[in-house]
Amino acid sequence: MSQAARPARITLRRPATWLPAIRAQWITSLRFRTTFITVAATALAIAVTCVFTALAIHNNLFSTSRDEVLGQAQRAVIAAQDVIDTAEVATDGAALQQVLFDARRELTTQAATSYYAYFRVDDEASAIAPPDFSFLLEEGDDAILSEGLRERVRSSDDGSQWWQSVGLQIDDSGDAVPGIVVGQQLEVQNAGAYEVYLAYSLEEADRTLRFVQGILWVTGIVLVVLVAAISWFVLRTVAQPILEASRTSERFAAGDFEVRLPVRGKDELAALGRSFNAMADSIEAQITELAELSQVQQRFVSDVSHELRTPLTTIRLASEMLNDRRSEFDESTARAAELLHTQVARFEQLLTDLLEISRYDAGSVQLELEPTNLAQLAEDVADSMRDVAGRHGSELRVVAPGGYSPVDVDPRRVRRVLRNLIGNAIEHGEGRPIVITIDSDAHAVAVGVRDYGLGMSPEQAARVFDRFWRADPSRKRTLGGTGLGLAIALGDAKLHGGALELWSEPGRGSHFVLTVPRVPGQSVTRSPIPVEPNGGAVEELGVTEPIRTGEDLA
Ligand code: ADP
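The structure displayed is predicted, hence computed values, not measured ones. (Residues numbered from 1 in each chain as written. Predicted model: local features only at pLDDT ≥ 70, side-chain atom pairs only at ≥ 80, totals over all residues. Heavy atoms only, no water.)

> Can you help me understand the site of the ligand in this one?
Around the ligand there are 17 residues in total, and Asn424, Asp451, Ala471, Gly483 and Leu486 lie nearest to it. Serine 510 has a polar side-chain atom sitting 3.4 Å from a nitrogen atom of the ligand. Mapped onto the shell around the ligand, the elements with two or more residues apiece are α9 (411-428), α11 (485-495) and β12 (509-517). At three residues, the largest contribution of residues to the shell around the ligand is made by α9. Among the residues forming the shell around the ligand, the class breakdown is six nonpolar, eight polar and three charged. (Near = heavy atom within 4 Å. Polar contact = N/O pair within 3.5 Å; in protein donor to acceptor, adjacent residues only side chain to side chain. Helix = DSSP H or I, 4+ residues; strand = E, 2+ residues; numbered from the N terminus. Nonpolar A, V, L, I, M, F, W, Y, C, P; charged D, E, K, R; others polar.)

> In this structure, what is going on with the sheet that holds strand β11 (residues 499-505)? I would like to understand it.
The strands that make up a sheet pair up through hydrogen bonds in the backbone, lying either parallel or antiparallel. Spatial strand order, β7-β9-β10-β12-β11: five strands in an open sheet with mixed pairing. Here the strands that pair on one side only, and so sit at the sheet edges, are β7 (396-399) and β11. Neighbour to neighbour, the strand axes of the sheet diverge by 15° on average, direction disregarded. Relative to strand β10 (residues 444-451), strand β9 (residues 434-440) runs antiparallel, the two sharing seven bridges. Note that in β10 the partner of threonine 437 across the bridge is glycine 448. Seen against the sheet, helix α8 (residues 374-391) touches β7, β9, β10 and β12 and runs at an angle of roughly 170° to β7. On top of the sheet, α9 reaches β7, β9, β10, β11 and β12; it is set at about 20° to β10, its chief contact. (Pairing = 2+ DSSP bridges. Axes fitted to C-alpha atoms, helices over the stretch in contact; angles between N-to-C directions. Contact = heavy atoms within 4.5 Å.)

> Where do I start with empty space enclosed by the protein in this structure?
The gaps left among the atoms become clear once a water-sized probe is rolled over them. In total, this model carries one cavity of 30 Å³ or more according to the counting rule given. Put simply, the largest cavity is a space of about 40 Å³. Lining the largest cavity are Ala80, Leu100, Ala103, Arg104, Leu107, Tyr118, Leu186 and Val196. With four residues, helix α3 (residues 93-111) is the single largest residue contributor to the lining of the largest cavity. Residues of the lining of the largest cavity, tallied by class, amount to seven nonpolar, no polar and one charged. (1 Å grid on protein atoms, 1.4 Å probe; cavity = no way out; pocket = protein on both sides within 12 Å on 5 of 7 lines; lining within 4 Å. Points joined across faces, edges and corners; volume = space filled by probe spheres on them.)

Structure follows, in structure tokens:
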């Protein structure tokens, strides 16, 4: 199972890191994503509800206050009109003034507001009509008594009311409070109609509205925070077991077959845990069974190889004796004796290889480390194989820029690997030169064997280390390989903590590179000899041109 990507770091003082960090969280954390969506959806729903509720309350509060104000104004104007209508008909200015004064007193008492004004409707001058009067409402004050309102009041002599929302200046602070101004006509005997205006402050209603709105928003925000916290914690309880399952699967995949998920309760997560554990039990049982089976097979191969050794030694001795005396036999018997001798030798080699492989499988191979000069060792192997190579028309060239200082390796095994690699190069090298390179760096020493022969396709190269695999089984073998050589060579390389790499291309040849660490037990990350010939010193080096050999360098 792949490890979840590590979320980007947020640095609060650097806003540029916020967006990438949030994006990374969005991609990697189910908990973050779900909480984000839940909070966004809840916030939207709460915002819509708050706005809607605030508007409804505002409308309701306003219309209630307005109706109250209109009723009060109506009653006040009617009361004032009553005072005028029931007074004795006055014909001189002073008497009329008194009637209107009485009416004004009644008006202000009933209206319960200190903002009022009245203006005579008729523009013609009258000797007896009382003058216009206003208290806190200035005539022509556009903000409060608009021309539109006055126009309507002037033209409505049927007693209808007109109103308008205004901003009222109630103190010297300069701030206006919401208010409403109501206008209506009042009929004064012998003086004609008067426009009467009464203004009311709606500050109380406004304050109530603000308070309710404040409560609504605070409640909304608290709700969003609560929803975020609840969904974060609920998701934690769900995500935690999932994370635990993922970690357990990773440990299981890494080979710890004994790990199990804790099962609590009977819910879906417990069902997940139970199925995981059942699967783990079954896999563990099968792996144990396979391991046991494989052990039985290894033991069988090892036992058979052992058991065959003794009779084979006798057969070899007999075949050697027959082979030595073949000149005494007739031609066909002599040929049979020779064939018997070579095939028995191959059989013996095969048994040796099989025993070696079964030792690897059983993990019972021990390295016998010795400080070894690998350049020297490679040259020795090359020298011992020069004759064979010569018989195949190939020249062995050794290039050793490094690898002289001793490294702790098992020389017997390294020699065997090199013999196998050089043997294969001779076998498949098509009679062209073979270049053996030895080089080293601070961490590792490597030996490369490059041939310019048949080469292999990528599919063949991928199988080259498989046991008993051969690219072309029908090809005649001259050096008597068993098909286990590279499998053993890879085992040897790994046992040293090293690597055996391969580059090969049909028609261009192959390059095998054995790399071993300078310090036993350290793993090798890169080789001093690049396996791709393009980057290496051996590239097409010596096919036509003279090259520096180990002897030249010395
Ligand atoms: P063997 O050589 O005994 O067959 P190996 O394990 O050494 O067994 O090699 C397996 C096969 O890999 C060989 O049969 C051959 O087909 C292929 N092979 C190995 N080395 C080379 C090479 N240098 N060039 C081409 N093919 C090779």
